[in-house]
Amino acid sequence: MAIPLPNDVTTFQDNWRFCNHCYCLWWNGRPDNGACPSGNSPDGQHHGQGSWNFYLPANPGEAI
Ligand SMILES: [Zn+2]
């Protein structure tokens, strides 16, 4: 199935997850998962048990 993308998307980043505590996406490429701002995480880190693996479309040429 072809997925429509805007013409200025030139790449994507793999390995994003949905956090069960703060309901945000975070990049799952760090060993500590990064700090979760929810206050409900038992260890202060994001947790994505059961999350899909999300791919983020991007255009690095538009970096600010
Ligand atoms: Zn979180």
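This text gives an overview of the structure that appears in the document. (Residues numbered from 1 in each chain as written. Predicted model: local features only at pLDDT ≥ 70, side-chain atom pairs only at ≥ 80, totals over all residues.)

What follows concerns the overall build of the protein chain. When helices and strands are tallied, the protein chain shows zero helices and three strands. Secondary structure elements of the protein chain occur, N-terminal to C-terminal, as β-β-β. Here the C-alpha atoms of the protein chain give a radius of gyration of 14 Å, more than 25% beyond the 11 Å that 2.2 N^0.38 yields for 64 residues. In terms of its C-alpha atoms, the protein chain occupies a principal-axis envelope of roughly 40 × 30 × 20 Å. Within the span of the protein chain, comprising 64 residues, buried residues form 9% of the whole. Within the protein chain, contacts between residues separated by at least 24 positions form 51% of all contacts whose residues are at least 6 apart in sequence. (Helix = DSSP H or I, 4+ residues; strand = E, 2+ residues; numbered from the N terminus. Rg over C-alpha atoms; globule rule 2.2 N^0.38 Å. Buried ≥ 20, exposed ≤ 12 C-beta atoms within 10 Å, placed from the backbone. Contact = placed C-beta atoms within 7 Å.)

The next thing to look at is the environment of Gly34. Mapped onto the secondary structure, Gly34 falls in the loop between β2 (25-27) and β3 (54-58). Here Gly34 falls in the partly exposed class, since 15 other C-beta atoms lie within 10 Å of it. In this structure the C-alpha to C-alpha distance between Gly34 and His46, which are 12 residues apart in sequence, comes to 6.3 Å.

Glancing now at the sheet that holds β2. Taken in spatial order, the three strands of this open sheet run β2-β1-β3, and their pairing is antiparallel. With one partner strand each, in any of the chains shown, β2 and β3 form the two edges of the open sheet. Adjacent strand axes in the sheet meet at a mean angle of 50 degrees when their direction is disregarded. Bridging between strand β1 (residues 11-18) and β2 involves three bridges; their strand directions are antiparallel. (Pairing = 2+ DSSP bridges. Axes fitted to C-alpha atoms, helices over the stretch in contact; angles between N-to-C directions.)

Next up on the list: the pairing of β1. Direction of pairing for β1 relative to β3: antiparallel, over a ladder of four bridges. Bridge pairing links Phe12 to Pro57 in β3. Counting the residues that bridge the hairpin from β1 to β2 gives six residues, and of these Tyr23 lies at a positive phi of roughly 60 degrees.

Moving on to unusual backbone geometry. Notably, Asn15 is not glycine yet its phi reads approximately 80 degrees, a positive angle. Tracing the backbone through its elements, the reader meets Asn15 in strand β1. A tally of 12 C-beta atoms within 10 Å means that Asn15 is categorised as exposed. Residue Asn33 is not a glycine yet carries a positive backbone phi of 65 degrees.

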